[in-house]
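Next come the chains, spelled out residue by residue.
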Amino acid sequence: MRTYHCLTLLIWTYMFHIVDAIPLQEKANNYLPSKRTLDLTKDNGKMLRRSKRGWMWNQFFLLEEYTGTDTQYVGKLHTDQDKGDGNLKYILTGDGAGSLFVIDENTGDIHAAKKLDREEKSLYILRAKAIDRKTGRQVEPESEFIIKIHDINDNEPKFTKDLYTASVPEMSGVGVIKTALPDMSRENREQYQVVIQAKDMGGQMGGLSGTTTVNITLTDVNNNPPRFPQSTYQFNSPESVPLGTHLGRIKASDPDVGENAEVEYSIAEGDGADMFDVITDKDTQEGVITVKQNLDFETKILYTLRVDASNTHLDPRFLHLGPFKDTAVVKISVEDVDEPPVFSKVSYLIEVDEDVKEGSIIGQVTAYDPDAMNNLIKYTVDRHTDMDWIFSIHSENGSIFTLKPLDRESSPWHNITITATEINNPKQSSHIPVFIRILDINDHAPEFATYYETFVCENAKPGQLIQTVSVMDKDDPPRGHKFFFEPVPEFPLNPNFTIVDNKDNTAGIMTRKDGYSRNKISTYLLPILISDNDYPIQSSTGTLTIRVCACDNQGNMQSCNAEALILSAGLSTGALTAILLCVLILLILVVLFAALKRRRKKEPLIISKDDVRDNIVTYNDEGGGEEDTQAFDIGTLRNPEAREDSKLRRDVMPETIFQIRRTVPLWENIDVQDFIHRRLKENDSDPSAPPYDSLATYAYEGNDSIADSLSSLESLTADCNQDYDYLSDWGPRFKKLADMYGGDDSDRD
């Protein structure tokens, strides 16, 4: 072994001495004492030159794991500037310089100071330069060179892992991994374990080996078809189930896994292929039987289906093992249920004229019982859809008739709901919408579309358009509206205005004379006869009010009131305001005067002119203050002054004045009833008192009133007479008073 290494070292040393070294990095060096130049060509008198380096080295190669006693020789650095006189000094820097690699500064020999390992580091980059010992100048520029470590077989093979795992599709043949059984099946055994040995076959270390373990898992392939656990399935379904209802599930098993076990279900054939459907549940890999069309027990009670279960992912390598599907029979029994009535249509549309008479039949609905019993059905109107009770229906035959008049203009459509109910089982009922369209009848006359405020200028010329009118009609004829305008028959020719039918459902009002006067006529009424073209023809008269107004030269209205024209030529606004203020003051004065006169007016002696009795005397004298209320106090009856003063009859003028009889004071009497009876008795026995059937009314002033009695009768004294002859001059109304007071002395007797 040692001899082998020595021989290699000698070979490498020899190569280093005979091969010129080529630097990896060249730099310009101005310090070289000598250069060789080669004249290549001349360009404009300029000489091209090439510099030649003086360094002599190449890449150095070194074996790893050197086991000799001396240091391992790497190579030698040399320059042609070295004359062998010891003036040059070689310096080494870079990876491992001074520690791993040392250089003889005089000769340039490089040695490895330590044993190197390529597995740790296979490449070292160093830099070398040569300097003059005396001057310190570089005689060669610093350049890089590489030392590569050569590999020797000094390591045994090792696996990167202690345990490896691998997967192989089942049923694989001979290939990269030689199997003992070419038809290995995952269903029989899923995992295998293999021990692998690696052996080094060359080099000094040949024969070394390493081992590892490989776990091999067989992956699944689609080599098994699905299989139903049973060949026949039985399901029951009521006939009233809605569409899409799940009736049951079936499943085919597949020993494969993953996508190789995915199954798709389909109906192959059968008498119920158009009535039922099967869908695949991807989560459970089951087939779900669903209802595709409505079932009817009375039509068919049993259906038979053939359902296939097939693999969705087929492997072409194993198609010869197929077919990869299985078939099962599915039987479905339909059960009878009591079903609600069925209408002959999903909805009804009825059209009726709006002038149909009450009680008229406008349409009919029909329904039947789908059950075998064929129960009787009655019809009703859902009153929530006909709150006004406009329609009704015959309960037996479904004929719809009207209960009230129809009006298209108020309700052009009526949407009602009809209910059909089994008589034997009221819980079974169905509903159907009925749309009733009211057809239009020409029963409305056209009328003005809006209220028109029309005016004509006083300076208008004949033929001027002053207004365009349009009309509206609540009816809706199928051919559209067409209106006609003309004067009313009573006034076929209007001297002031002309009605022009524009033939587009509008009419123009034109002036017919030259000029109009607000002073003469301020407003014109123009009747217009409007009619339509439907049957029966409807017409109406619209009256257009036209005011006469003052306008400027452009026809713009300025004023339409005749009063404004008059006032504009007379008083100003301030004068009118003063006049109105004076009138208001006069009215106030008149009202105040009337109020004062009413307060001074005296009451007549006899209130009613029809009351001619001569024994009724009324005294209604005003008081003078708040204490007038004492006149109504019961204490007035106990007033000694009123009781003891002589009171003469005031209705007649007595000839003899009787002596007033004084009564005993009753100051201490507190019994009012007894007091009144006593006073009544005194008056009955007093010859100077009024007659028995006379009515005497006494009104006394309050004690604190400063006013005397207002009665004119109080001014009459018993010692003088008053002349009443003037009553005879007052006419027949005062004849009675004149006879009573203005008579002769014989009359008084």
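One can find the structure itself at the top, above this paragraph.
Because the structure is a prediction, the values reported are computed rather than measured.

About the cut-offs
Residues numbered from 1 in each chain as written. Predicted model: local features only at pLDDT ≥ 70, side-chain atom pairs only at ≥ 80, totals over all residues. Heavy atoms only, no water. Salt bridge = Lys/Arg side-chain N within 4 Å of Asp/Glu carboxyl O. Helix = DSSP H or I, 4+ residues; strand = E, 2+ residues; numbered from the N terminus. Buried < 20%, exposed > 50% of the residue type's maximum accessible area, 1.4 Å probe, protein only. Pairing = 2+ DSSP bridges. Disulfide = S-S within 2.5 Å. Axes fitted to C-alpha atoms, helices over the stretch in contact; angles between N-to-C directions. Phe/Tyr/Trp six-rings, centres within 6.5 Å; stacked < 30°, edge-to-face > 60°. Lys NZ or Arg CZ within 6 Å of the ring centre and 35° of its normal. Patch = residues over 30% accessible without salt bridge, like charges linked within 9 Å, V, L, I, M, F, W, Y side chains within 5 Å. Areas by Shrake-Rupley, 256 points an atom, 1.4 Å probe, with all protein chains shown as cover. Contact = heavy atoms within 4.5 Å. Lys, Arg positive; Asp, Glu negative; His and termini not counted. Charge placed at Lys NZ, Arg CZ, Asp CG, Glu CD.

1. Things to note about the pattern of salt bridges
For side chains of opposite charge, pairing can occur when their charged atoms come near one another.
Part 1 of the reasoning: Applying the stated criterion across every chain yields a total of 15 salt bridges.
Part 2 of the reasoning: Between Lys 121 and Asp 95 there is a salt bridge, with its nearest N and O atoms 3.6 Å apart. Linking Lys 121 in the loop between strand S9 (109–112) and strand S10 (123–132) with Asp 95 in the loop between strand S7 (88–94) and strand S8 (101–103), this pair joins segments that are 26 residues apart in sequence.
Part 3 of the reasoning: Residue class for Asp 95 comes out partly exposed when judged on its relative accessible area of 30%.
Part 4 of the reasoning: Between Glu 105 and Arg 133 there is a salt bridge whose closest N-O contact spans 3.9 Å. Here Glu 105 is found in the loop between S8 and S9, whereas its partner Arg 133 is found in the loop between S10 and strand S11 (138–150), with 28 residues between them in sequence.
Part 5 of the reasoning: By relative accessible area, which is 34% here, Glu 105 ends up partly exposed.
Part 6 of the reasoning: Several salt bridges share partner residues, and in doing so they unite Lys 89, Glu 105 and Arg 133 into one network.

2. Side note on the pairing of strand S20 (residues 302–311)
Part 1 of the reasoning: Pairing geometry for strand S17 (residues 263–270) and S20, over seven bridges, is antiparallel. Bridged to Tyr 265 within S20 is Ala 309.
Part 2 of the reasoning: Bridge count between S20 and strand S21 (residues 325–335): nine bridges; the pairing is antiparallel. Its bridge partner lying in S21, Ser 310 is registered against Lys 325.

3. Some remarks on the pairing of strand S36 (residues 506–511)
Part 1 of the reasoning: Taken across its six residues, S36 has five buried, putting it largely inside the fold.
Part 2 of the reasoning: Here five bridges tie strand S35 (residues 497–501) to S36, and the two strands are oriented antiparallel to one another. Across the sheet, residue Asp 501 finds its bridge partner in S36, namely Ala 507.
Part 3 of the reasoning: Linking two consecutive strands that pair antiparallel, namely S35 and S36, is a turn of four residues; a positive phi of about 65° is found at Lys 503 within it.

4. Brief notes about the state of the cysteines
Here, the word disulfide means a covalent bond between the sulfur atoms of two cysteines.
Part 1 of the reasoning: This structure, assessed with the given rule, holds two disulfides.
Part 2 of the reasoning: A disulfide bridge connects Cys 457 with Cys 551, and the sulfur atoms are separated by 2.1 Å. Note on the Cys 457 and Cys 551 pair: the S-S dihedral is about -85°, so by sign convention the disulfide is left-handed. Taken as a pair, Cys 457 in strand S32 (residues 454–457) and Cys 551 in strand S38 (residues 539–551) lie far apart in primary sequence, 94 residues in all. Here Cys 457 matches Cys 551 in class, with each residue buried.
Part 3 of the reasoning: Numbered in order of appearance, the disulfide-bonded cysteines of the protein chain are paired 1-3, 2-4.

5. Here we look at the sheet that holds strand S15 (residues 232–238)
Part 1 of the reasoning: If you trace the four strands from one edge of the open sheet to the other, you get S15-S21-S20-S17, paired in mixed fashion. With one partner strand each, in any of the chains shown, S15 and S17 form the two edges of the open sheet. This sheet shows a mean twist of 30° between the axes of neighbouring strands, independent of strand direction.

6. Structural notes on the packing of aromatic side chains
Part 1 of the reasoning: Across all of its chains, the model carries eight aromatic pairs by this definition.
Part 2 of the reasoning: Each ring, one from Phe 497 and one from Tyr 516, has its centre 5.5 Å from the other, and the planes form 5°; the classification is stacked. Taken as a pair, Phe 497 in strand S35 and Tyr 516 in the loop between S36 and strand S37 (523–532) lie far apart in primary sequence, 19 residues in all.
Part 3 of the reasoning: Residue classification places Tyr 516 among the buried positions, given a relative accessible area of 5%.
Part 4 of the reasoning: Ring centres of Phe 497 and Tyr 524 lie 5.5 Å apart, and the angle between their planes is 80°; this geometry places the pair in the edge-to-face category. Of this pair, Phe 497 sits in strand S35 while Tyr 524 is found in strand S37, placing the two residues 27 residues apart along the sequence.
Part 5 of the reasoning: Using a relative accessible area of 3% as the deciding quantity, one classes Phe 497 as buried.
Part 6 of the reasoning: Owing to a relative accessible area of 9%, Tyr 524 belongs among the buried residues under this scheme.
Part 7 of the reasoning: Of note, Lys 300 hangs over the ring of Tyr 303, and the distance from its end group to the ring centre comes to 5.5 Å.
Part 8 of the reasoning: A cation over an aromatic ring shows up here: Arg 383 above the ring of Trp 389, its NZ or CZ 3.8 Å from the ring centre.

7. Topic: the sheet that holds S35
Part 1 of the reasoning: Read across the open sheet, the four strands follow the order S31-S33-S36-S35; overall the sheet is antiparallel. Pairing within the sheet leaves two strands with one partner each, and these edge strands are strand S31 (447–448) and S35.

8. Side note on a nonpolar patch on the surface
Part 1 of the reasoning: Together, Leu 581, Leu 584, Ile 585, Leu 586, Ile 588, Leu 589 and Leu 592 make up a nonpolar patch on the protein surface, roughly 680 Å² of accessible area in all.
Part 2 of the reasoning: With respect to the helices, strands and loops of the structure, Leu 586 is situated in helix H3 (residues 573–600).
Part 3 of the reasoning: Look at Leu 586 and you get exposed, because its relative accessible area is 53%.

9. Quick notes on the environment of Ala 273
Part 1 of the reasoning: Following the sequence through the fold, Ala 273 ends up in the loop between S17 and strand S18 (276–281).
Part 2 of the reasoning: Assessed through its relative accessible area of 33%, Ala 273 is described here as partly exposed.
Part 3 of the reasoning: Residues Ala 273 and Arg 306, spaced 33 residues apart in sequence, show a C-alpha to C-alpha distance of 8.7 Å.
Part 4 of the reasoning: Residues within four places of Ala 273 in sequence aside, it is in contact with Ile 267, Lys 292 and Leu 305.

10. Some details on a negative patch on the surface
Part 1 of the reasoning: Negative charge collects at one region of the surface, where Asp 353, Asp 355, Asp 407 and Asp 443 lie side by side.
Part 2 of the reasoning: With respect to the helices and strands, the residue Asp 353 is situated in strand S23 (residues 348–353).
Part 3 of the reasoning: On the basis of relative accessible area, Asp 353 is assigned to the partly exposed category, the value being 36%.

11. Quick word on unusual backbone geometry
Part 1 of the reasoning: Cis geometry is found at the peptide bond from Tyr 535 to Pro 536, where omega equals -10°.
Part 2 of the reasoning: Tracing the backbone through its elements, the reader meets Pro 536 in the loop between S37 and S38.
Part 3 of the reasoning: Notably, Lys 503 is not glycine yet its phi reads approximately 65°, a positive angle.
Part 4 of the reasoning: If you trace the backbone, Lys 503 turns up in the loop between S35 and S36.
Part 5 of the reasoning: Even without being glycine, Asn 505 reaches a positive phi, approximately 70°.
Part 6 of the reasoning: By the element assignment, Asn 505 lies in the loop between S35 and S36.

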